[in-house]
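Below are the chains, spelled out letter by letter.
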Amino acid sequence: MELRDIEIFLTLAEELHFGRTAERLHVTTARVSKAIKKQERAIGAELFARNSRNVRLTPLGEQLRDDLRELHQGLTRTLERARMAATGKTGTLRIALFPANVQELRPFWETFRARHPQWDIRLRMSAYRDPFTQLHQGEADILVTWFPVEEPGLTMGPLMFTEPRVLAVAEGHPLTRWSSVSLEAVSDFEHITVEPVPDYWFDRYVPEVTPGGRLISRTANVGNIEDILVSAVLEGTVSLFPAHVARYYPRPDIAYLPVRDMEALPFGPVWHGAAENDMIRAFARVVRDLGPLSG
């Protein structure tokens with residue numbers, strides 16, 4: 001099995017969605033499908049059970065995922081060390097991000113690189129599903145996400161920025177009659193959700209109830225921002241976001257309405273305390289020295 005095919009298999013095993021897997025790996029959906037069929041022919045059995053509605057691992061697929069994950073991580077680290085040695089680098093800080101405003105956060109990346117030319121920094125968008133697993137499994141050194149994070153073994157770093165909230169709705173939605181909305185209005189419509197994630201953590205992003213005690217219904221389970229926006233257009237759902245999403249995901253079929261009665265959402269780095277190293281501490285110092293970015 002080629003390294004790229006292993007990456008495709010492991011990413012699909014995580015995402016359980018051919019489109020999101022292709023998006024993460026910057027390949028076509030057909031390339032993902034071809035790689036999986038090739039692996040299944042070579043093994044002689046199905047690795048994924050799939051139909052028009054969902055994709056799931058077979059028991060054999062689960063076994064292969066568990067066997068390959070550690071092997072792939074070790075091989076990737078070996079190749080990375082060789083690549084860094086060839087360029088004079090001695091380490092790579094791997095940062096996964098939930099916020100999409102990577103460009104606006106450049107002062108943090110550039111200051112880290114300027115202070116520590118011996119280290120590289122690699123950024124990637126985080127998968128929505130099982131957000132903290134990547135830290136526990138050593139797939140990322142730092143996760144930039146909204147606070148608070150209260151997971152056992154994880155350490156919250158200094159604040160990077162805070163942002164007001166907006167509500168994404170389809171153009172022509174009844175709420176677009178207004179220039180801004182209240183959280184109470186959100187309870188009149190279906191909101192997206194993400195599973196599996198810690199309840200307290202997602203409740204900070206989308207509260208269970210409004211200030212007036214009305215339940216906010218969360219039914220549409222999605223995997224990334226694009227899926228959320230498609231759900232808004234096709235299913236009429238509404239979605240709370242930090243304000244930068246309106247800047248980074250402008251669409252003619254989506255309107256972003258300021259939410260006037262929600263606190264700004266704080267973001268910062270989180271890491272596994274047992275895996276803390278010089279690179280992680282150096283990045284935390286950069287964030288503390290620069291302080292939270294202003295809007």
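Let me sum up the structure you'll find in this document. (Residues numbered from 1 in each chain as written. Predicted model: local features only at pLDDT ≥ 70, side-chain atom pairs only at ≥ 80, totals over all residues. Heavy atoms only, no water.)

What follows deals with the packing of helix 5 (residues 106-115) against helix 11 (residues 278-290). Contact geometry of helix 5 with helix 11 gives a least axis separation of 10 Å together with a crossing angle of 125°. It follows that helix 5 is oblique to helix 11 by the angle criterion. The hand of the helix 5/helix 11 crossing is right-handed. Every residue of helix 11 that contacts helix 5 at P107, F108, W109, T111, F112 and R115 is listed here: M279, A282, F283, R285, V286, V287, D289 and L290. Looking at the contact of helix 5 with helix 11 residue by residue, the class counts come to ten nonpolar, one polar and three charged. (Axes fitted to C-alpha atoms, helices over the stretch in contact; angles between N-to-C directions. Helix = DSSP H or I, 4+ residues; strand = E, 2+ residues; numbered from the N terminus. Parallel < 35°, antiparallel > 145°, perpendicular 65-115°, else oblique. Left-handed = near helix turned anticlockwise from the far one by under 90°. Contact = heavy atoms within 4.5 Å. Nonpolar A, V, L, I, M, F, W, Y, C, P; charged D, E, K, R; others polar.)

This part takes up the pairing of strand 13 (residues 265-272). Burial analysis of strand 13 places eight of its eight residues in the buried class, the great majority of the element. As paired strands, strand 5 (residues 142-146) and strand 13 are joined by four bridges and run antiparallel to one another. What sits directly across from T145, in strand 13, is G268. Two elements, strand 6 (residues 154-156) and strand 13, share three bridges in a ladder whose sense is antiparallel. Bridging across to strand 13, T155 finds its partner in W271. Bridge analysis of strand 7 (residues 161-163) against strand 13 gives three bridges, and the strand direction is antiparallel. Within the sheet, the bridge partner assigned to E163 lies in strand 13 and is L265. (Buried < 20%, exposed > 50% of the residue type's maximum accessible area, 1.4 Å probe, protein only. Pairing = 2+ DSSP bridges.)

Turning our eyes to something else, we now look at the packing of aromatic side chains. Overall, the coordinates contain twelve aromatic pairs when judged by the stated rule. With a centroid separation of 6.1 Å and 20° between ring planes, the pair formed by F112 and W119 is classed as stacked. Taken together, a centroid distance of 4.0 Å and an interplanar angle of 10° make the contact between W146 and W201 stacked. Of this pair, W146 sits in strand 5 while W201 sits in helix 8 (residues 199-205), placing them 55 residues apart in sequence. (Phe/Tyr/Trp six-rings, centres within 6.5 Å; stacked < 30°, edge-to-face > 60°.)

On to unusual backbone geometry, then. Most peptide bonds take the trans configuration, and most residues that are not glycine carry a negative phi. Looking along the chain, the bond that leaves F147 and enters P148 is cis, with omega of 0°. Structurally, the position occupied by P148 is in the loop between strand 5 and strand 6. The phi torsion at L16 lies on the positive side, around 55°, for a residue other than glycine. Following the sequence through the fold, L16 ends up in the loop between helix 1 (3-15) and helix 2 (18-25). Its identity is not glycine, yet H26 carries a phi of approximately 60°, on the positive side. Along the chain, H26 falls in the loop between helix 2 and helix 3 (29-43). In this structure H26 comes out as exposed when scored by relative accessible area, which is 73%.

Here we come to a nonpolar patch on the surface. Where nonpolar side chains cluster on the molecular surface, the patch consists of V230, V233 and L234 and spans about 250 Å² of accessible area. Secondary-structure assignment places V233 in helix 9 (residues 225-235). (Patch = residues over 30% accessible without salt bridge, like charges linked within 9 Å, V, L, I, M, F, W, Y side chains within 5 Å. Areas by Shrake-Rupley, 256 points an atom, 1.4 Å probe, with all protein chains shown as cover. Salt bridge = Lys/Arg side-chain N within 4 Å of Asp/Glu carboxyl O.)

Topologically, H173 is positioned in the loop between strand 8 (165-170) and helix 7 (183-186). Here H173 falls in the buried class, since its relative accessible area comes to 9%. Once you skip the residues sitting within four places of it in the chain, H173 turns out to touch F189, G236 and V238.

With that settled, consider the pattern of salt bridges. Taken as a whole and judged by the stated rule, the model has 21 salt bridges. For R247, the salt bridge is made with E104, and the minimal N-O distance between the two is 2.9 Å. Placement of the pair is R247 in helix 10 (residues 244-248) and E104 in the loop between strand 3 (91-97) and helix 5, with a sequence separation of 143 residues. Here R214 and D188 are joined by a salt bridge, their closest N and O atoms 2.5 Å apart. Taken together, the positions of R214 in the loop between helix 8 and strand 10 (218-221) and D188 in the loop between helix 7 and strand 9 (191-193) put the pair 26 residues apart, joining distant regions of the chain. Judged by its relative accessible area of 37%, R214 is partly exposed. Ionic contacts of the salt-bridge type, sharing partners, join the residues E14, E15, R20, R24 and D227 into one network.

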